Amino acid sequence: MMRDLSRHPELLAINHATVRRRCDLPTLVGLCQRRGIRAIATWRDLLGEGGAPAAARLLRQAGLQVTGHCRAGLFAASGPAERAAILAENRRAIDEAAELGAQSLCVIAGGLPGGSRDLAAAHAEVHDGLGAMLEHARKAGVRLGLEPLHPMYAADRACVNTMRHANDLCDALGDGIGILVDVYHVWWDPHLAPEIARAGAVGRILGFHVCDWLVPTRDFLTDRGMMGDGVIDIPRIRGMVEAAGYGGFVEVEIFSAEDWWKRDPAEVLDTCMRRYASAC
Ligand code: ZN
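The rules behind each value
Residues numbered from 1 in each chain as written. Predicted model: local features only at pLDDT ≥ 70, side-chain atom pairs only at ≥ 80, totals over all residues. Heavy atoms only, no water. Helix = DSSP H or I, 4+ residues; strand = E, 2+ residues; numbered from the N terminus. Rg over C-alpha atoms; globule rule 2.2 N^0.38 Å. Buried < 20%, exposed > 50% of the residue type's maximum accessible area, 1.4 Å probe, protein only. Donors = N, O, S within 2.8 Å, 3.2 Å for Na, K, Ca; no water. Tetrahedral: all angles 85-135°; square planar, octahedral: opposite > 155°, others 65-115°. 1 Å grid on protein atoms, 1.4 Å probe; cavity = no way out; pocket = protein on both sides within 12 Å on 5 of 7 lines; lining within 4 Å. Points joined across faces, edges and corners; volume = space filled by probe spheres on them. Nonpolar A, V, L, I, M, F, W, Y, C, P; charged D, E, K, R; others polar. Contact = heavy atoms within 4.5 Å. Core = buried A, V, L, I, M, F, W, Y, C linked by side-chain atoms within 4.5 Å.

**Student:** Teacher, can you tell me more about the overall build of the protein here?
**Tutor:** If you tally the helices and strands in the protein, you get 9 helices and 8 strands. For 280 residues, the compact-globule estimate of 2.2 N^0.38 gives 19 Å, and the protein sits close to it at 18 Å. For the C-alpha atoms alone, the extent of the protein along its principal axes is close to 50 × 45 × 35 Å. Looking at the 280 residues of the protein, the share that counts as buried comes to 55%.

Next comes the structure, spelled out in structure tokens:
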């Protein structure tokens, strides 16, 4: 039985990326408090001058939970020195997520290293990089949330593009890592239902992100739609994750340079709340 979101406003979470251009963290916290929104996803570059400690204090005082801290991973390395630098950066992201009490640290795979055509090597790099991160994450008590991204990003952003690939990696790596299911990235996949069921059966669905796929899409990174404005059957996918046992937040994450990022953040959040209740 699916949850009736119109009766559960407390399950809404807002990813800071949705209002990133016109809204710093303290402003977002205030807007959420006034609307009864109880959770947000944070970004490393949007924590503000005081960094994670100050952000953690602010969020605690406001009674806001952190769904996910964004983001880490990006394992494409051209050599040992770069690999070490990436791991060090990922450790800092883990420490921030711990400080923020985030439910998970959002991890994306990274694409191909510059000049490479070796996709298999990139896949191996992701496996090994996640393994190295996990040692630190387990000690810090932070769960890694691997987010498969749409295959159009395989070259430059993330070469893990399906739930199946993410499930295989989690199976190989063991405890401490799960999956973030973002409808924008996985809606096209004919094997989505069985792979969501597979993830849910072992309790590894750590988050559920929503926005919409616009037709036409004018920019592959920053032209994501408000829920209900595109072609994704969001309730159907939410039904899959909930049937698989997911009971967490529904997080709105919209990258929209030419539309939503230009609007008044208060209007954006009000629209998110309405569409959350009617279109998700
Ligand atoms: Zn996402």
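**Student:** What am I meant to see in the coordination of the zinc ion here?
**Tutor:** For a metal bound by four donors in tetrahedral geometry, the ideal donor-metal-donor angle is 109.5 degrees, whereas six donors in octahedral geometry ideally sit at 90 or 180 degrees. Protein-derived ligands of the zinc ion are Glu 147 (OE), Asp 182 (OD), His 209 (ND1) and Glu 253 (OE), with the metal-ligand distances lying across 2.0 to 2.2 Å. Coordination geometry of the zinc ion: the 4 donor atoms subtend angles of 86 to 150° at the metal centre, consistent with an arrangement described as irregular. In primary sequence terms, the donor set of the zinc ion follows E-x34-D-x26-H-x43-E. Residue His 209 is found in strand β7 (residues 205–210), and its partner Glu 253 is found in the loop between β8 (250–252) and α9 (265–279); the two are separated by 44 residues along the sequence. His 209 sits in the buried class, given a relative accessible area of 3%.

**Student:** Teacher, can you tell me more about the layout of surface pockets here?
**Tutor:** Gaps between atoms show up when a probe of the same size as a water molecule is rolled over them. Taken as a whole, the largest pocket holds about 160 Å³ of empty space. Every residue lining the largest pocket is listed: Phe 75, Arg 83, Ile 86, Leu 87, Asn 90, Glu 125, Asp 128, Gly 129, Ala 132 and Met 133. When residues of the lining of the largest pocket are traced back to their parent elements, those giving at least two are α3 (80–100) and α4 (119–140). Ranked by residues supplied to the lining of the largest pocket, first place goes to α4 with 5 residues. A per-class count over the lining of the largest pocket returns 5 nonpolar, 2 polar and 3 charged.

**Student:** Would you take a moment to explain helix α8 (residues 234–243) for this structure?
**Tutor:** Count 3.6 residues to each turn of an α-helix, and residues three or four apart come out pointing the same way. Of all 10 residues that make up α8, 7 are buried, and the element is covered over most of its length. Looking at α8, one finds that the buried residues are Ile 234, Ile 237, Arg 238, Gly 239, Met 240, Val 241 and Glu 242. On its buried side, α8 packs onto β6 (177–182), α6 (183–186), α7 (192–201), β7, β8 and α9. The first or second residue beyond α8 is Gly 245, which carries a positive phi of 105°.

**Student:** It is not clear to me how the nonpolar core should be interpreted in this structure. Could you clarify?
**Tutor:** One broad trend across soluble globular proteins is that nonpolar side chains are buried collectively. Counting 97 residues, the largest nonpolar core has Leu 105, Leu 130, Leu 144 and Ile 196 as the members making the most contacts within it. When residues no more than four places from it in sequence are discounted, the contact partners of Leu 105 are His 69, Ala 72, Ala 93, Ile 94, Ala 97, Met 133, Val 142, Arg 143, Leu 144 and Gly 145.

**Student:** How should unusual backbone geometry be read in this particular structure?
**Tutor:** Residues other than glycine predominantly adopt negative phi, and peptide bonds predominantly adopt the trans conformation. Between Cys 70 and Arg 71 the backbone carries a cis peptide bond, its omega angle lying at -15°. Its location among the elements puts Arg 71 in strand β3 (residues 65–73). Omega for the bond connecting Val 215 with Pro 216 falls within 30 degrees of zero, at -5°, which places this linkage in the cis form. Tracing the sequence through the fold places Pro 216 in the loop between β7 and α8. Unusually for a residue other than glycine, Leu 74 sits at a positive phi of about 50°. Mapped onto the secondary structure, Leu 74 falls in the loop between β3 and α3. In this structure Leu 74 comes out as partly exposed when scored by relative accessible area, which is 37%.

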